[in-house]
Amino acid sequence: MDYQLDLDWNDFLQRYWQKRPVVLKRGFKNFVDPISPDELAGLAMENEVDSRLVSNQDGKWNVSHGPFESYDHLGETGWSVLVQAVDHWHEPSSHLMTPFRHIPDWRMDDLMISFSVPGGGVGPHLDQYDVFIIQGTGRRRWRVGEKIAMKQHCPHPDLLQVEPFDAIIDEELEPGDIVYIPPGFPHDGYSLENSLNYSVGFRAPNAREMVSGFADYVLSRELGSHRYSDPELVEREHPAEVQPAELNKLRSMMLDLIGNPAHFNSWFGEFISQSRHELDLAPPEPPYQAGEIYELLESGETLERLGGLRVLRVGDTCYVNGEAMTTEHIGAVDAIARHKTVTKEMLGDAMNDPSFLALLSALVNSGYWYFND
Ligand code: SIN
Ligand code: CO
């Protein structure tokens, strides 16, 4: 199923993105849930899947983490089950992210889905990331407050909440409605009926993660072996002082490494193309031969990208799950990065180059792409 989002993206980006929360009433017309509450509950029973159950009974909050064995103990009100990265595990759900590709892929994270019974929710809180919350089946009241400094507290060790806030948005969302919330705006979703919510979440690195990631890259490639030297050293008055000119030289040593565009770009491609959640990898057994892949594509079969796999382009290089795809066929890998479904037409001449077919086979045999049959 293809989801069509009725939105003037230019206007949205200019007025709301990273600035103001907004309700996009009937963003999806005639919305059909890609998953049922039963299927979602089933996913939360699987080992690899990251899920939690949040409940509030008589003002007392509780959190437990999946995998869950049963839901029999739960009553009819006051709880919500939340499943992370459903786009990795449930193909139809992953289609809900496609309409949001007006925001670049590298900023996108995962699709979180929650099922809530009446009175269910995670309570008032802040998130560090942008999110579009789509209302699926059921009605849920969403309140969003102004972004102001707020004290956070933990009513349960695994639950971070904020104090009650005044609402700038207070609406009952119906199926197909969307609320967009930029980082730092407090919000609270309170279910009025059994309801499904889909959160298309974004990511944005902070400097700490980047410095740490870049340091790993420097270590693994053994870069920066060049050592501080000072042949121009002259007598000084204060033996204990590190002089400003020395600090500048030391800082330059570090900045030169980050400032090298080849290193920076290749590090960032590897860094940002890694998923923050586990992938549902199922390498084909036996592995494909390059010739078989050629034949299948020639006969009109298509290659589908594994849900949640990050494929990003930095300059002329495409990165897949933390690794550069080394090839001269820039047009072909660009098409692989742009489209979720790959046809032979998109690959063009690259199809006739054994080295490209070898690359493609490696990707298919890793379980990153699969034939849709
Ligand atoms: C949800 O309960 O579906 C979304 C939770 C959130 O606000 O982040
Ligand atoms: Co939130």
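The structure presented is a predicted model; accordingly, all values stated were derived computationally and were not measured.

Peer 1: How do you make sense of the pattern of salt bridges when you look at a structure like this?
Peer 2: Pairs can form between side chains of opposite charge once their charged atoms are near each other. One pass over the full model with this rule turns up 19 salt bridges. Where Arg141 meets Asp170, a salt bridge forms, and the shortest distance between an N and an O atom there is 2.7 Å. Linking Arg141 in strand S7 (residues 140–145) with Asp170 in strand S10 (residues 167–173), this pair joins segments that are 29 residues apart in sequence. Taking the relative accessible area as the measure of exposure, Arg141 reaches 36% and is therefore partly exposed. Glu246 is paired through a salt bridge with Arg236; the nearest N and O atoms lie 2.4 Å apart. You can see Glu246 sitting in helix H5 (residues 244–259) and its partner Arg236 sitting in the loop between helix H4 (207–220) and H5, a full ten residues away along the chain. Via salt bridges that share partners, Lys25, Arg26, Glu174 and Asp177 belong to a single interconnected network.

Peer 1: Honestly, the site of ligand 1 in this entry has me stumped. Any pointers?
Peer 2: Around ligand 1, the structure places Leu82, Met112, Ser114, His125, Asp127, Ile133, Arg140, Trp142, His187, Asn197 and Ser199. Residue His125 places a side-chain N or O atom 3.1 Å away from an oxygen atom belonging to ligand 1. Between ligand 1 and the protein, one listed contact pairs an oxygen atom with a side-chain N or O atom of His187 at 3.1 Å. The set of elements that each furnish at least two residues to the shell around ligand 1 consists of strand S5 (108–116), S7 and strand S13 (195–202). Here the shell around ligand 1 is built from residues that sort into four nonpolar, five polar and two charged.

Peer 1: Explain the environment of Ala41 to me, please; I cannot follow it from the model alone.
Peer 2: Along the polypeptide, Ala41 turns up in helix H2 (residues 37–43). Given the relative accessible area of 17%, Ala41 is considered buried.

Peer 1: Looking at this structure, I do not really get the domain arrangement of the protein. What am I missing?
Peer 2: The accessible area lost on association of the parts is a frequent measure of interface size. Per the domain assignment, the segments making up the protein are domain 1 (9–202) and domain 2 (290–371). Between the C-alpha centres of domain 1 and domain 2 the distance comes to 34 Å. Opposite the eight residues of domain 1 that make contact, domain 2 presents nine residues. Interface area for domain 1 against domain 2, summed over the two sides, is near 660 Å², with a carbon-plus-sulfur share of 38%. The interface formed by domain 1 and domain 2 includes zero salt bridges.

Peer 1: Help me understand the coordination of the cobalt ion (ligand 2) in this model?
Peer 2: Within the protein, His125 (NE2), Asp127 (OD) and His187 (NE2) serve as the donor atoms for the cobalt ion (ligand 2), at 1.9 to 2.1 Å. The sequence pattern formed by the donor residues of the cobalt ion (ligand 2) is H-x1-D-x59-H. Of the two residues, Asp127 is situated in the loop between S5 and strand S6 (131–135) and His187 in strand S12 (residues 187–191); the sequence distance between them amounts to 60 residues.

Peer 1: Would you explain unusual backbone geometry in this entry?
Peer 2: Excluding glycine, residues mostly have negative phi values, and the peptide bonds linking residues are mostly trans. Omega for the peptide link from Gly66 to Pro67 comes to 5°, which places this bond in the cis form. Relative to the helices and strands, Pro67 is located in the loop between strand S3 (60–65) and strand S4 (79–83). Cis geometry marks the peptide bond from Glu285 to Pro286; its omega dihedral reads 0°. Looking at the element boundaries, Pro286 is found in the loop between helix H6 (261–272) and helix H7 (290–298). Positive phi, close to 55°, is recorded for Arg26, a residue that is not glycine. You can see Arg26 is positioned in the loop between strand S1 (22–24) and H2. Even without being a glycine, Glu222 presents a positive backbone phi close to 50°. By the secondary structure assignment, Glu222 is in the loop between H4 and H5.

Conventions we followed
Residues numbered from 1 in each chain as written. Chains lettered and ligands numbered in written order. Predicted model: local features only at pLDDT ≥ 70, side-chain atom pairs only at ≥ 80, totals over all residues. Heavy atoms only, no water. Salt bridge = Lys/Arg side-chain N within 4 Å of Asp/Glu carboxyl O. Helix = DSSP H or I, 4+ residues; strand = E, 2+ residues; numbered from the N terminus. Buried < 20%, exposed > 50% of the residue type's maximum accessible area, 1.4 Å probe, protein only. Near = heavy atom within 4 Å. Polar contact = N/O pair within 3.5 Å; in protein donor to acceptor, adjacent residues only side chain to side chain. Nonpolar A, V, L, I, M, F, W, Y, C, P; charged D, E, K, R; others polar. Domains from an automatic or database assignment. Contact = heavy atoms within 4.5 Å. Buried area = accessible area lost by both parts, 1.4 Å probe. Donors = N, O, S within 2.8 Å, 3.2 Å for Na, K, Ca; no water.

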